[in-house]
Amino acid sequence: MESKARHWIVLIWLTLILAFGSAVRVWHIDEVRNVDEPNIINRAAEYANGKFHISWYNWPAQSLIRLDGTIFAVLQDVMSVTTPSWDASIKANFKTHETTFRTFAHLVTVFFALQSVLLVFGVGFIVRGPIVGLGSALFLSASYLHTVHSRFATPDVPTTAAFLAVLMLSILLLQARSITRREKIFVYGCAGLVSGFALATKYTGLLAIVPLATVHVVLFWRSVSWQLGRALRASRELFNWPLCIFALAMIASHTFFHPFFFVDLNIIIQDILFEAKGERLGVDWAGQGAFLKNVIYYTRGNLFWNGLGISIIAGVTLFFSFFRLHTRRWQSVALIGCFYLVTLFGLSSLGLHWSRWAVPFSPLIAVAAAVGCFEIFNMLRKCKVPHTAAVVIITIVVTAVTFPPVLLSYSVGRETARSVSTAQVMSDYIRAHIPPGSRIVSDTYYLKLSKAYRLSEPRILLYVETLQSYRDRGVQYVVVKPIRKAYAAQQPEKYAAIIAFFEELNTSATKVTTVTKKSKTILDHKRDDKLYHWLFLRDSSVKNFDATKGKTLELYKIQ
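A brief look at the structure comes next.

Definitions and limits used
- Residues numbered from 1 in each chain as written.
- Predicted model: local features only at pLDDT ≥ 70, side-chain atom pairs only at ≥ 80, totals over all residues.
- Heavy atoms only, no water.
- Helix = DSSP H or I, 4+ residues; strand = E, 2+ residues; numbered from the N terminus.
- Rg over C-alpha atoms; globule rule 2.2 N^0.38 Å.
- Contact = heavy atoms within 4.5 Å.
- Areas by Shrake-Rupley, 256 points an atom, 1.4 Å probe, with all protein chains shown as cover.
- Lys, Arg positive; Asp, Glu negative; His and termini not counted.
- Charge placed at Lys NZ, Arg CZ, Asp CG, Glu CD.
- Buried < 20%, exposed > 50% of the residue type's maximum accessible area, 1.4 Å probe, protein only.
- Axes fitted to C-alpha atoms, helices over the stretch in contact; angles between N-to-C directions.
- Left-handed = near helix turned anticlockwise from the far one by under 90°.
- Nonpolar A, V, L, I, M, F, W, Y, C, P; charged D, E, K, R; others polar.
- Pairing = 2+ DSSP bridges.
- Core = buried A, V, L, I, M, F, W, Y, C linked by side-chain atoms within 4.5 Å.

Before going further, it helps to examine the overall build of the protein chain. Broken down by element type, the protein chain carries 23 helices and seven strands. What you see for the protein chain is a C-alpha radius of gyration of 26 Å, in line with the 24 Å of a compact globule of 559 residues. A sequence separation of at least 24 residues applies to 75% of the contacts in the protein chain between residues at least 6 apart. Of the roughly 26,300 Å² of accessible surface on the protein chain, 65% is carried by carbon and sulfur atoms. Positive and negative side-chain charges in the protein chain, numbering 58 and 34 respectively, have mean positions lying 8 Å apart.

Take a look at the structure:
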């Protein structure tokens, strides 16, 4: 009876954590934007409209495009029946009700985020029991990095959920005292299905195989009693039926979510090379010595993006686990540490870096921190601290390390909802001062103008053409981001055309207006170490929360 009551208590706490995680992720979800979202959302609308062969493979995000597209198709069917004003064409509805479609795409990512919370609970539960499972779920729910990217239609959170599923299955294998051949094949098959989804979602999803591959080798070494001679003689056993089932399941799953892989293989290879190369116009380019810079970038970022206190406890725990490899109790934690390091070095080997690529670290940090807190509690008990006092101490520690990232997520969410974007301010200016019927090209997706304006939004491709070519086509105004010129100056030999475009703007066009960011709020401090600086050291001018977010935009009249 006591065990049943304990199960109910765990279930209630897990439900509360899920409710909290849902609330911080869904709040104002219709208002959030991410610059990479149109790559998925626009193509998902094409898929819903009947175009099944989507030849875009930059991430490749094929699974997410198809999942979002299926949701869009269902939404179209439901709304066309229940809402008389809803157009029969999904293409027309996507233009008219873009916010609705985008919100549903965001909710798909939220679904994967909540799956991650459940999976990280499962990982913690297997490693140390229900208390560590609940702590892991709490820390991931509170993570600012995971929270903010759970709100975008991008592939990082779905890929992270797949990583967690494979990690959980791998730890189950590692800790199993006995397992039948059929059960082993089932686990390997499930891991293969999930890994195929991960690879069809993001190329770095290939890292999903790391935990299972590691455990596969460990189990082999166990079977030969950790003796090199026996291992060499039995090396063929490494390639057994479970591993074959894993490979076949991975191929089948990847083909299901990425059906035109072999048809478009040449395009895919070109897109992989484009994404992996060490050159890019933007802040995410690491430049010379990229590997070391990226290691520092992700290591330092993980300290602050997931909560400084949580990350410190996690780091100490993972470091300690490598010295306890001889005990089964710590081998699962060391596996998490190995996965962390392989992911760190794998991402750092790319020429680029970006904060959202670090999302897979968040659940690993959450589990390690929960284990660390549990071990702190055990140490207190070994030091003869009374049980009640130890519970109070560990509760204070958990509360103290969880509060900053929660406050950060809340503050950023509130300020995002209250502030306006530079694109919105520019849109308002154009509607007020530029005559209807004007033809405009723009380096942003987010200008909101009526059909009275002939708007094209090629973004970075705007700079491929010259001003004269735009004039010849009847374009009268261009909206540019001056930061593009600053990025191009880092690699002038590669981006000479962009530099020349801005020089031509300065000499043969008329600047109409500039809209720049005006912000001294938490939107400038999206790290919890800077949170307190904003809260306690801000000057009086900040109190009015007059914030404009986004990149600086300039409007030029070119004829």
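Within the secondary structure, Y495 is located in the loop between α21 (483–488) and α22 (496–508). Among the residues examined, Y495 registers a relative accessible area of 14% and is labelled buried. Along the primary structure Y495 and P405 are separated by 90 residues, whereas in three dimensions their C-alpha atoms are 39 Å apart.

Closest axis-to-axis distance for the helix α5 (residues 98–128)/helix α6 (residues 130–142) pair is 7 Å, and the angle between their directions is 145°. By crossing handedness, the relation of α5 to α6 is classed as right-handed. On the side of α5, the interface is formed by S116, V117, V120, F121, G124, F125 and R128, while α6 contributes P130, V132, G133, L134, S136, A137, L140 and S141. Its residues placed into classes, the contact of α5 with α6 shows nine nonpolar, five polar and one charged.

Within strand β7 (residues 553–557), four of the five residues are buried, which leaves it mostly tucked inside the rest of the structure. In terms of strand pairing, strand β4 (residues 477–480) meets β7 through four bridges, oriented antiparallel. Across the sheet, V479 pairs through a bridge with L555, a residue of β7. Pairing between strand β5 (residues 510–515) and β7: five bridges, direction antiparallel. Residue pairing for β7: V515 is matched across the bridge by L553.

Turning to the nonpolar core, a few remarks are in order. The biggest cluster of nonpolar side chains holds 95 residues, and the ones touching the most others in it are V123, F139, L167, I171, Y298, I336 and F361. With 13 residues, helix α8 (residues 156–175) is the single largest residue contributor to this core. Those residues in contact with Y298 that lie beyond four places of it in its chain are L344, L347, S348, L352, H353, W354, W357, A358 and F361. Grouped together as the second largest cluster of nonpolar side chains are 20 residues, L462, I499, F501 and A509 included.

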